[in-house]
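Below, each chain spelled out in residue letters.
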Amino acid sequence: DVKVTQSSRYLVKRTGEKVFLECVQDMDHENMFWYRQDPGLGLRLIYFSYDVKMKEKGDIPEGYSVSREKKERFSLILESASTNQTSMYLCASTSGWDKNTEAFFGQGTRLTVV
Amino acid sequence: AQSVTQLDSQVPVFEEAPVELRCNYSSSVSVYLFWYVQYPNQGLQLLLKYLSGSTLVKGINGFEAEFNKSQTSFHLRKPSVHISDTAEYFCAVVPTGRRALTFGSGTRLQVQP
C-alpha cells in the first residue's frame, strides 16, 4: 500500500518558534509538494520539489522554506511561526501525470500557532 | 497562469437524489483535470481524472465527470448519493508540461437522510 506519511497530525507552537513539518513517501516519487488548506480557499501550493535538493516556489512561499536532502523526505520549515500560519498542511507526492499515475496525499498536519 | 473555480461552496442534497458539483477552469494551455474527495480528518483521495480521450470519465464510488473544452468545465455528477458521500470535493488542474496541481476552493457536499 502506497504511503505518504506526515510526522504529526496535530502541532501547537508559539509565535516566533522555528517549526519543522516532515513528510516521507515510500513510492520513489520524484515530485513532492507542500500545500496549505484553509476553509473557503481550498489548497494552495507553498513549495514543491522535483528532485533531491531542487525546489520551486509555489503560490504562497512567504514565511516558509523547504528542504529535500533525500528523495523520500520533504520538509517544510516555518522560520518564525506567526498566528496567520495556523492552518492544515498537506504533503503530496507523484511520479508525474499519465493514465497510470496519480498524486498521493498525507493525512495532514493541523498546526496551531499561539 | 491557471485557475479553478468551484461555483458552489456547499451543496445540500437528500439521500438517493442526483447531484452535480460544478467546476470551471481557465488556462492558456491544455490541462489535465482531476476531482479529489476529502472525508473528515483525512487526506485527499482521487475520485477521477481526465488526461485525454473520451470526455466522459468514470471514477470510484459511482461518480463521473464530463470534460467540456468549449465551456472549460469539468462538472462532477452522481445519479444517486448516499450518506457516506458527505465530504468535501476539490476540483484541480495541471497544465500540460507542469508539475503541480492547482485546486479550487472546494465544495462541501452534505447528504441528508
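Reference entry: report on the structure contained in this document. (Residues numbered from 1 in each chain as written. Chains lettered and ligands numbered in written order. Predicted model: local features only at pLDDT ≥ 70, side-chain atom pairs only at ≥ 80, totals over all residues. Heavy atoms only, no water.)

Our next topic: the overall build of chain B. Looking only at helices and strands, chain B has zero helices and twelve strands in total. When the helices and strands of chain B are read in sequence order from the N terminus, they spell out β-β-β-β-β-β-β-β-β-β-β-β. Expressed along its principal axes, the backbone C-alpha trace of chain B runs to roughly 45 × 30 × 20 Å. Expressed as a percentage of the 113 residues in chain B, the buried residues total 48%. Long-range pairs, those at least 24 residues apart, make up 56% of the contacts in chain B between residues at least 6 apart in sequence. (Helix = DSSP H or I, 4+ residues; strand = E, 2+ residues; numbered from the N terminus. Buried < 20%, exposed > 50% of the residue type's maximum accessible area, 1.4 Å probe, protein only. Contact = heavy atoms within 4.5 Å.)

On to the interface of chain A and chain B. Contacts between chain A and chain B engage 24 residues on the former and 21 residues on the latter. Among the residues chain A hides against chain B, the three largest losses belong to A:Leu43, A:Trp97 and A:Phe105. Together they make up 34% of the total. For the pair chain A and chain B, the interface holds zero salt bridges. Contributing elements (two or more residues each) for the side of chain A that touches chain B: β4 (31–38) and β5 (42–51) of chain A. Among the elements that take part in the side of chain A that touches chain B, β5(A) stands out by supplying five residues, more than any other. Grouping the constituent residues of the side of chain A that touches chain B by class yields twelve nonpolar, eight polar and four charged. (Buried area = accessible area lost by both parts, 1.4 Å probe. Salt bridge = Lys/Arg side-chain N within 4 Å of Asp/Glu carboxyl O. Nonpolar A, V, L, I, M, F, W, Y, C, P; charged D, E, K, R; others polar.)

This part covers the packing of aromatic side chains. In the structure shown here, the tally under the stated rule is 14 aromatic pairs over all chains. One aromatic cluster is present, built from ring pairs that chain together A:Phe33, A:Tyr35, A:Phe48, A:Trp97, A:Phe105, B:Phe34, B:Tyr36, B:Phe90 and B:Phe103. (Phe/Tyr/Trp six-rings, centres within 6.5 Å; stacked < 30°, edge-to-face > 60°.)

The next point concerns the pattern of salt bridges. A pair can form between side chains of opposite charge whenever their charged atoms are brought close. Residue and element names in this part refer to chain A. Taken as a whole and judged by the stated rule, the model has eleven salt bridges over all chains. The shortest N-O distance in the salt bridge between aspartate 28 and lysine 71 comes to 3.1 Å. On the criterion of sequence distance, the pair formed by aspartate 28 in the loop between β3 (19–25) and β4 and lysine 71 in the loop between β7 (64–70) and β8 (73–78) is long-range, its members being 43 residues apart. We classify aspartate 28 as exposed; its relative accessible area is 54%. Looking at lysine 71, the relative accessible area reads 25%, which means it is partly exposed. Here the salt bridges do not stand alone but share partners, grouping Arg36, Asp38 and Arg44 into one network.

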